[in-house]
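Next come the chains, spelled out residue by residue.
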Number of protein chains: 2
Amino acid sequence: MTTNIQITLSEERKEKPQPEQLEFGRIFTDHMFVMDYSPQKGWHDARIEPFEPITLSPASMVFHYGQTVFEGLKAYRTSDDKVLLFRPEKNMERLNLSNERLCIPEIDGEFVIEALKKLVSIDKEWIPTTEGTSLYIRPFIIPTEYYLGVAPSKFYKLMIILSPVGSYYKEGIHPVKIFVENQYVRAVDGGTGKAKTGGNYASSLKAQEEAAKKGYSQVLWLDGIEKKYVEEVGSMNIFFKINGEVVTPEINGSILEGVTRNSIIQMLKYWNIPVKEKRISMEEVYDAYKEGVLEEAFGTGTAAVISPIGEFYYKEEKMIINKGQTGDVSKKLYDTLTGIQKGTEEDVFGWVTEVK
Amino acid sequence: MTTNIQITLSEERKEKPQPEQLEFGRIFTDHMFVMDYSPQKGWHDARIEPFEPITLSPASMVFHYGQTVFEGLKAYRTSDDKVLLFRPEKNMERLNLSNERLCIPEIDGEFVIEALKKLVSIDKEWIPTTEGTSLYIRPFIIPTEYYLGVAPSKFYKLMIILSPVGSYYKEGIHPVKIFVENQYVRAVDGGTGKAKTGGNYASSLKAQEEAAKKGYSQVLWLDGIEKKYVEEVGSMNIFFKINGEVVTPEINGSILEGVTRNSIIQMLKYWNIPVKEKRISMEEVYDAYKEGVLEEAFGTGTAAVISPIGEFYYKEEKMIINKGQTGDVSKKLYDTLTGIQKGTEEDVFGWVTEVK
Ligand SMILES: Cc1ncc(COP(=O)(O)O)c(C=O)c1O
Ligand SMILES: Cc1ncc(COP(=O)(O)O)c(C=O)c1O
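Think of each chain on its own: its residues are numbered from 1, step by step along the sequence as written. Lettering of chains starts at A and numbering of ligands starts at 1, both following the order in which they are written. For a predicted model such as this one, the threshold for reporting local features is a pLDDT of at least 70, and the threshold for listing and counting side-chain atom pairs is 80 or more; totals across whole chains, interfaces and linings nevertheless cover every residue. To get the side-chain values, all heavy atoms of the structure are used, and hydrogens and water are removed first.

Chain A goes by Branched-chain-amino-acid aminotransferase in an unreviewed UniProt entry, where it is assigned to Bacillus weihaiensis. Under Sequence similarities (unreviewed entry), UniProt gives the following word-for-word description of chain A: "Belongs to the class-IV pyridoxal-phosphate-dependent aminotransferase family." UniProt positions are given in the numbering used here, feature names are shortened, and annotations may be inferred rather than shown by experiment. Its UniProt record gives chain A a comment under Cofactor (unreviewed entry), which states: "pyridoxal 5'-phosphate".

Colleague: How should I be thinking about the relation of the copies chain B and chain A in this particular structure?
Modeller: Two copies of one chain are present, and they are related through a rotation about an axis combined with an axial shift. Relative to chain A, chain B is turned by 180° and slid 0.0 Å along the rotation axis, the superposed coordinates differing by an RMSD of 0.0 Å. Such values leave the two copies arranged in the relation of a two-fold axis. The copies are overlaid by a least-squares fit using only the C-alpha atoms of residues whose pLDDT is at least 70 in both copies.

Colleague: Just to check I follow, could you spell out the site of ligand 2 for this structure?
Modeller: Residues and elements named next belong to chain B. Any residue with a non-hydrogen atom lying within 4 Å of a molecule or strand is treated as near it. Taken together, the neighbourhood of ligand 2 is formed by 16 residues, with Lys196, Tyr201, Glu232, Thr260 and Thr302 sitting nearest. Contact distances for ligand 2 include 2.5 Å between an oxygen atom and a side-chain N or O atom of Tyr201. Between Thr260 and ligand 2, the recorded distance is 2.5 Å, taken from a side-chain N or O atom to an oxygen atom. Here ligand 2, which alone exposes 390 Å², has 96% of that area covered by the protein. Secondary structure elements with two or more residues in the shell around ligand 2: helix 5 (259-270) and strand 16 (294-301). Residues are grouped as follows: Ala, Val, Leu, Ile, Met, Phe, Trp, Tyr, Cys and Pro are nonpolar; Asp, Glu, Lys and Arg are charged; all remaining types, including Gly, are polar. For the shell around ligand 2, the per-class residue count stands at four nonpolar, eight polar and four charged. For the purposes of these results, a polar contact is taken to be a pair of N or O atoms within 3.5 Å, where, inside protein, one atom must be able to donate a hydrogen and its partner to accept one; residues adjacent in sequence count only when each atom of the pair is a side-chain atom. Note on areas: Shrake-Rupley, 1.4 Å probe, and residue coverage restricted to the protein chains presented here. A run of DSSP states H or I qualifies as a helix once it reaches four residues; a run of E qualifies as a strand once it reaches two. Both are numbered from the N-terminal end.

Colleague: Just to check I follow, could you spell out the pairing of strand 11 (residues 218-222) of chain A for this structure?
Modeller: Successive side chains on a regular strand alternate, one facing one side of the sheet and the next facing the other. Residues and elements named next belong to chain A. Of all five residues in strand 11, five are buried, a share of seventy percent or more. Buried residues are those whose accessible area, probed at 1.4 Å on protein chains only, stays under 20% of the maximum for their type, while exposed residues exceed 50% and partly exposed ones sit between those limits. Going residue by residue along strand 11, you find Gln218, Leu220 and Leu222 tucked away on one face and Val219 and Trp221 tucked away on the opposite face as well. Sheet topology places strand 10 (residues 176-180) next to strand 11; three bridges connect them, and they run parallel. Counterpart to Phe179 in the pairing with strand 11 is Val219. When strand 11 meets strand 12 (residues 230-233), the two strands line up antiparallel, connected through two bridges. What sits directly across from Leu222, in strand 12, is Val230. Strands were regarded as paired on the criterion that DSSP finds at least two bridges between them.

Colleague: Please explain helix 7 (residues 328-342) of chain B as it appears in this structure.
Modeller: Quick reminder: α-helices carry 3.6 residues per turn. Residues three or four places apart thus point the same way. Residue and element names in this part refer to chain B. For a helix, the expected span equals 1.5 Å multiplied by the residue count minus one. Over its 15 residues, helix 7 runs 21 Å from end to end, which matches the ideal 21 Å to within 8%, given 1.5 Å per residue. Within helix 7, eleven of the 15 residues are buried, which leaves it mostly tucked inside the rest of the structure. Those residues of helix 7 lying buried are Val329, Ser330, Leu333, Tyr334, Thr336, Leu337, Thr338, Gly339, Ile340, Gln341 and Lys342. Positioned one or two residues after helix 7, Gly343 has a phi angle of 80°, which is positive.

Below, the structure is given as structure tokens:
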């Protein structure tokens, strides 16, 4: 395993964006982390370099067979200028789970966290501080062998790039409208749904595009077998509050196990709010709605943290939830979780790691 | 639509490989075709250039969200030095079908065929002529926008690269052993199975790897819903000859519609050999085997053309087909189809296009 990181600092520093100009994932910092894999050397040549284009043969496998994995997490800058990461070890665990499914060699999670911390500390000045902003961290692995055969690549590149990002919703936390997808399928058990790999997102674009035309911002995926059970939303897991109990689809082999999802479950338990992971049919949710006991619904994910859902479109009907307003539990979860992440709330779970 | 192709010839010519050294997809010719897409200009800047690496930001969408499509076809050089393409218009049709599913802008198939012919004619000397060899043509499209959001890219690159390839099986046509997959899933209806996109191949690697460990060269996919109905093999469609009748799974939304598959069906009809496209359960195939009426099985695809199947591993049992030998129909199809492709058999179907 590599233990040494070669650092080459950029001679120029780019201009940093104004906080109010920040979008998601459009601007990148001055440096990036790169590490290569070969069968002979394993993961090697770990280095931090100026952020710059990479050069690959058009025959590189990444352009042909989609053997890619990635992660997404955030760094936050506190009012007293500390830099905090939120549960990076969970992302490394999941990266290795994705690697395993995609036949990509395992990484040393602890080492990659060290690299990531080093990189974030070098580009620390890029971390915005205004409400709702953060530094998005994108580790990803691409296959680089020059070969057109369908087989796992022999060579890979792991890279980490950083992007200062604005508040996911410009006006703060704000309910979204979701289209319940009944034609396209995201994943099935035995497929790649539980891995964070490019193909899952590529296959989701079409449904997303069609939902957007109808005025919905994301789709809710149902299971690929019976199109009956709730799975997840675009890039978020989903929760419902029904009659005082919070429920979320259980981990079933086809949904992505979100770090936010896991954190939310722990927080609810800590607050003694009933929470259950189980198989949930969309009919069940609809019935609860009709009976007037579907109290809240929200998505959870690194990008938006908590995204309250104000409306579902299901079987030609608009289900309006909590009068289209953010529910109390959603709000409390959002405030507490973002508070822990930003260092303004006590970190009772030990989730936050400081970047020195 | 672009109508003009800018040509820049390479100043150096690489050394061509000896025919006996040829593998699949490892060596590339002197030139490539490139064309860009932007919302303002559509597909534009069509050009033939020296084959060389491409330079992309690490934030390019191709490294993150798998929004890629590709095609594969071959050019053959005849004994009287003509260059022939096999049904390129079918590949362009399928490329647009893949584009549609992946939210990639449509291409002008006729124009891309012109470009492809021009490119092949420039690198004509690279086309090997010995038995079983050909020039593999790989058109592919990648998303190039620098953006980490999950949305269709606004910018793309279409490229065509060429690779002289050897006989798929070094010893000529030769039966393979196939593992019937009962755990992993390739695709379901509503997913991307009918499109030629990277993610489908990435998701197949794990099953492939596990089958290889057990001594099987490829896997036979069953449907993702019931794991009961036959779909296709790695990168081939599949046919069975049962009691004198040839059957192949019908197009169902989850299998790739192979150009070879389509050609085989037409050839069988022309010969008055009974052929049917239908839903086929693996149990049905197994029963036919037990009754002694499973006479032949073979895969079909551009790379291997016809690949006879000598054995299936299914439910802990080895099903040996036709004593592990190539069947008569498989052989006749292989000889006739490769003959048409190489110009030694009469092209009664009008499948072959000459590159002038
Ligand atoms: C498909 C999918 N589901 C769920 C999530 C939420 O996961 P996390 O909370 O770890 O960000 C994400 C985003 O990362 C995702 O892409
Ligand atoms: C998944 C899959 N099925 C079937 C085929 C066969 O298609 P074709 O005959 O057009 O090569 C291919 C190869 O291209 C493939 O990748």
